[in-house]
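Inside the fold
Chain by chain, the residues run as shown.
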Amino acid sequence: MIPREVSPSRSREMRAAVQAFREVADARWAAASPRVLRRSLSVPRRSRLVRAQAPSGPVGIREHVVSAHLAAAPAVEGVTVVGIHLDIDDDDTLTAVRVEVAVAFGTVVRPAADRVRAETKERLQRLLGAAAGDCAEPHVHIGDVTGGPSPEGTA
Amino acid sequence: MHVQDMDGSSPDLPPGTSGRIRNSRAAVSFEERADDAELARRAGLGDREAFAEIFRRHGPALFRYALGMLEGNAADAEDAVQNAWTRVWLRIGTFRGEARLRTWLFAIAAREVLNQRRRRRPVPVGDDLLIAVAAPLDQEPEAHLDHEQLRQALTLALTELPWRQRESWILREMEGLSYDDIAGILGTTPTVVRGQLHRARTSLAARMEKWR
């Protein structure tokens, strides 16, 4: 006999089976998820070293740490940081930074870019110390316009 | 921007991450309001709290998918999603938003689930397995609507489906993804997905017939 096709979404028994499956799966996930997240975040992202200068001597800082530090700069209203791009020399010297941002529609662009640049320079100085002097003036690249002013200003 | 579906479950987060999120009302509020694209952007820049929020939103669905694909083997499913989430953490900076984040995550999970299946020994489908599902019940179905039995029957029935049919069915019927999204994840067309779903539904309906 050819079975009649019943969409599982319309079958009471199948809905119950799916619900039971979800409940068991979700309970197992609740137990497993803390260790899955912990292990995932413990894997270091591969990136190059950037040379910094502490009072006691040279320090190496991974590229992704520098990027995260710059991306976490205080908010500039109407500006969202989309990406941070670093140029690093063969001797691990940071030579240039490009901050890619999106601006909210209506934001006055050039003053906003100046504030982003100033924040970036200040952060680089604090993070790299004297080694920040090897870096050229940060370049701000406005790559997108978003629909309206962001309530948070997430730059 | 669209608003992502929020998954009902909220698994505990590891110490350190969850504490930071939950101890800051402003952070909680922002994380919960942020859409997936915003969270992905921040996670790509190294924001672990944003990554944890993505994990909280989509982790349960990815695990259900892995569990369904790997014959209900929780250890295998955990290994697969572990590899998937590690890959997500390492590669989320490359997410450009051409697809929905959920679709991108499922595509990564699908590869890791397939890898996990290749790593382990094949599961034979023997007579016992078939009989366990197909044996007719001599009592009224109403008396047998035991959820655990139904779950086991569904797991076994899924195991019998060809891999692609199983994927299509789980992504559509359990996770509610669109044909387009499923096609994107599986690297095929919506028409093919439609055909796989039709065959999967027919097979599953036959396998679950005894429960009606």
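Numbers given for residues are sequential positions, taken from 1 along each chain in its written order. Whichever chain is written first becomes A and whichever ligand is written first becomes 1, with later ones labelled in order. Given that the model is predicted, a residue must reach a pLDDT of at least 70 before its local features are reported, and side-chain atom pairs must reach 80 or more before they are shown or counted; all residues, however, enter totals for whole chains, interfaces and linings. Note: side-chain values were computed over all heavy atoms of the structure, leaving out hydrogens and water.

Going by an unreviewed UniProt entry, chain B carries the name RNA polymerase sigma-70 factor (ECF subfamily) and comes from Kineosporia succinea. UniProt positions are given in the numbering used here, feature names are shortened, and annotations may be inferred rather than shown by experiment. As stated in UniProt under Sequence similarities (unreviewed entry), the record for chain B gives "Belongs to the sigma-70 factor family. ECF subfamily."

With that settled, the discussion passes to the overall build of chain B. Check the secondary structure of chain B and you find eleven helices and zero strands. When each of the 212 residues of chain B is scored for burial, the buried share is 53%. What makes two residues a contact is simply this: any of their non-hydrogen atoms within 4.5 Å. Within chain B, contacts between residues separated by at least 24 positions form 65% of all contacts whose residues are at least 6 apart in sequence. Counting only carbon and sulfur atoms, one obtains 49% of the accessible surface of chain B, whose full area is about 9,700 Å². Comment: elements are numbered from the N terminus, with helices defined as DSSP H or I runs of at least four residues and strands as E runs of at least two. Throughout, exposure labels follow a simple rule: accessible area from a 1.4 Å probe, protein chains only, divided by the maximum for the residue type, with under 20% read as buried, over 50% as exposed, and the rest as partly exposed. Methods summary: accessible areas were calculated by the Shrake-Rupley approach with a probe of 1.4 Å, and residue burial reflects only the protein chains presented.

The next point concerns the overall build of chain A. Within chain A, the secondary structure is distributed over three helices and five strands. For chain A, the sequential pattern of α-helices and β-strands runs α-β-β-α-β-β-α-β. Within chain A, contacts between residues at least 6 apart in sequence are counted, and of these 59% link residues at least 24 apart. Of the roughly 8,400 Å² of accessible surface on chain A, a fraction of 52% belongs to carbon and sulfur atoms.

The pLDDT score gives, residue by residue, the confidence of the prediction method on a 0 to 100 scale. Overall, the prediction assigns chain A a mean pLDDT of 85, with 88% of residues at 70 or greater. The element-level mean pLDDT for chain A is lowest in helix α2 (residues 63-71) of chain A, coming to 88, with helix α1 (residues 12-42) of chain A highest at 93.

Here, nonpolar core refers to any group of buried Ala, Val, Leu, Ile, Met, Phe, Trp, Tyr and Cys residues whose side-chain atoms link them within 4.5 Å. Of all hydrophobic cores here, the largest spans 67 residues; its most connected members are B:I54, B:Y65, B:W85, B:L154 and B:W169. Looking at which element gives the most residues to this core, the answer is helix α4 (residues 48-69) of chain B, with twelve residues. One finds A:I61, A:V76, A:L94 and A:A131 within the second-largest nonpolar core, a separate group that totals 28 residues.

What follows is about the environment of A:V50. In this structure, A:V50 sits in strand β1 (residues 49-54). Accessibility expressed as a relative area gives 0% for A:V50, which makes it buried.

Moving on to the side chain of B:Q116. In this fold, B:Q116 is placed in helix α6 (residues 101-119). Residues contacting B:Q116, with those up to four places away along its chain left out, are B:L70, B:D76, B:D79, B:A80 and B:N83.

Paired rings are identified among Phe, Tyr and Trp, the last through its six-membered ring, by centres lying within 6.5 Å, and are further divided according to the angle between planes into stacked (under 30 degrees), edge-to-face (over 60) and tilted (the rest). Enumeration according to the criterion identifies seven aromatic pairs over all chains in this entry. Ring geometry for B:F95 and B:W104: centres 5.2 Å apart, planes at 55 degrees, overall tilted. Just as B:F95 is buried, B:W104 falls in that class too. Ring-pair connections join several aromatic residues into one group, and the members of that group are A:W29, B:F51, B:F55, B:F63, B:W85 and B:W89. A cation sits over an aromatic face here: A:R45 above B:W89, 3.7 Å from the ring centre. Here, a charge over a ring is recorded when the distance from Lys NZ or Arg CZ to the ring centre is within 6 Å and its angle to the ring normal is within 35 degrees. One Lys or Arg, B:R172, reaches over the ring of B:Y179 and ends 4.7 Å from the middle of that ring.

Once that is clear, we can look at the confidence of the model for chain B. All names here are of chain B. Looking at chain B, pLDDT values average 79 and 72% of them are 70 or higher. A low-confidence stretch, residues 1-29 stays under pLDDT 50, and its non-local contacts, those more than four residues away or across chains, total 48 contacts. Counting contacts from residues 129-139, a segment whose pLDDT is below 50, to residues more than four positions away or on other chains yields 17 contacts. Across the assembled chains, the prediction reports ipTM 0.74 with pTM 0.72.

It is worth spelling out the environment of B:T191 at this point. Relative to the helices and strands, B:T191 is located in helix α11 (residues 190-207). Distance from B:T191 to B:T86, taken between C-alpha atoms, is 32 Å for residues 105 residues apart in sequence.

Turning to the UniProt feature "domain: RNA polymerase sigma factor 70 region 4 type" (unreviewed entry) in chain B, a few remarks are in order. In the numbering used here, UniProt assigns the feature "domain: RNA polymerase sigma factor 70 region 4 type" (unreviewed entry) to residues 151-204 of chain B. What you have in residues 151-204 of chain B is 83% helix and 0% strand, and the ends, taken at the C-alpha atoms, are 13 Å apart.

So, on to the sheet that holds strand β5 (residues 139-146) of chain A. Residue and element names in this part refer to chain A. Two strands pair under a simple rule: DSSP has to find at least two bridges between them. In space, the three strands of this open sheet follow the order β3-β4-β5, with mixed pairing throughout. Two strands bound the open sheet, and with one partner strand each, they are β3 (79-88) and β5. On average, adjacent strands in this sheet sit at an angle of 20 degrees to one another, irrespective of strand direction. Sheet analysis places strand β4 (residues 94-104) next to β5, joined by seven bridges and oriented parallel. Following the sheet pairing, A102 is matched in β5 by D144. Angular values range over 0 to 180 degrees, each being the angle between N-to-C directions of two axes fitted as lines to C-alpha atoms, with helices fitted over their stretch in contact. Sheet contacts for helix α3 (residues 109-128): β3, β4 and β5; angle to β4, the most-contacted strand, approximately 140 degrees.

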